[in-house]
Amino acid sequence: MVLANEILKQLDSLTWKGFWEWLSGTPLKVLVTILAGLVARWLVHRFIARLLRSGAVKTSPRPDDAVPRRKVKVLAHATGVVRERQRQRIATLGTLLRSVATVLIFVVTLLTVMQEIDMPIQGLLTSAGVTGVALAFGAQSLVKDFITGIFMIAEDQYGVGDIVDTGEVVGEVEDVTLRITRVRDFNGVIWYVRNGEIIRVGNRSQGWSTALVDVPVPYDEDLDKVLPLIREAVHGLTEDEAWGRRVLDEPEVVGVESMTGGVVTVRIVARCAANENVPVSRELRERVKATLDRAGVRAPQVLPPYGAGALRS
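Here goes a summary of the coordinates provided. (Residues numbered from 1 in each chain as written. Predicted model: local features only at pLDDT ≥ 70, side-chain atom pairs only at ≥ 80, totals over all residues. Heavy atoms only, no water.)

**Comments concerning the pairing of strand E4 (residues 190-194)**
Okay, so step 1: Here strand E3 (residues 180-185) runs beside E4; their pairing, made up of 5 bridges, is antiparallel. What sits directly across from Thr181, in E4, is Val193. (Pairing = 2+ DSSP bridges. Helix = DSSP H or I, 4+ residues; strand = E, 2+ residues; numbered from the N terminus.)

Set out below in structure tokens:
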């Protein structure tokens, strides 16, 4: 009851001038601080959006006299210049940067407001520092995963749809977050790999790949006859409508790779778009086999292992 009477007396003695002086003091400073924080957050978010938009503009390779236009298009697609891939990466980075900026601006604004209303912040800062050290020490692996994830996304080491080798598993990336990477191997098993545990990454979907095809030929066959046949079989693959976008250069018959027993191995090398080396290798084998069959070149005879006949007898 006494407290209520005191409040009524103070309200009776309060004039418009006194109220305005009180309002133009601490409350006005607090309001200006909050508005300044909101404006700063808006400006920082706009700056981040503009920065990411400018970074998303990537120029595709320009064709010149030495590089065919078809090859430029294949390389541009193979090196990851894909609109969906860029959109996903920019969205992830934008969300991360905006969240960090919002938290920092909120903390600074809160501390400024507390200082304006004469609240003790030294004890709060000390407690927050001790708590932060304890949390960081207890969550070292989590912090390591997040920091590694930030660098992996910023550097575009891999993305969804890429075929990667993380050292633990080889497969297709299905999801990338700041903490884990989800990979499905070629057996259909899903692996959840922590980003902090990835020491090295081999990305098979960036750049180009190489198709290596070894053609076994009987030792007594005339190579002056066989090599032109193989070159004829692989010639024109780049002009084929179905395979022209998969092969960067004309397949090259480099010559004899090895001679073992009664077999001479002739190697074919073809530079392909990323992840296209396996189907291109199959197509090259089919074409070479069909050409050699038409020319009457027989396959090498497979000899039994040494001593196998003696064991059977």
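**Points about the sheet that holds strand E2 (residues 170-176)**
Okay, so step 1: With respect to topology, 5 strands assemble into an open sheet ordered E4-E3-E2-E1-E5, the strand pairing being antiparallel. Each of the sheet's edge strands pairs with one partner strand only, and the pair in question is E4 and strand E5 (202-203).
Okay, so step 2: Sheet topology note: the strand E1 (residues 163-165)/E2 ladder contains 3 bridges and is antiparallel. Paired with Asp165 across the bridge in E2 is Val170.

**Remarks on the sheet that holds strand E6 (residues 208-218)**
The pairing of strands in a sheet comes from backbone hydrogen bonds and takes either a parallel or an antiparallel form.
Okay, so step 1: One open sheet holds the 3 strands; their spatial order is E6-E8-E7, and the pairing between them is antiparallel. Bordering the open sheet on either side are E6 and strand E7 (252-260), each of which pairs with just one other strand. Averaged over neighbouring strand pairs, the angle between their axes works out to 25 degrees when direction is ignored.
Okay, so step 2: Sheet analysis places E7 next to strand E8 (residues 263-273), joined by 7 bridges and oriented antiparallel. Considered in E8, the bridge of Glu252 is made with Val269.
Okay, so step 3: The sheet contacts of helix H9 (residues 277-295) involve E6 and E8, and relative to E6 the element is tilted by about 25 degrees. (Axes fitted to C-alpha atoms, helices over the stretch in contact; angles between N-to-C directions. Contact = heavy atoms within 4.5 Å.)

Geometry only, nothing functional implied.
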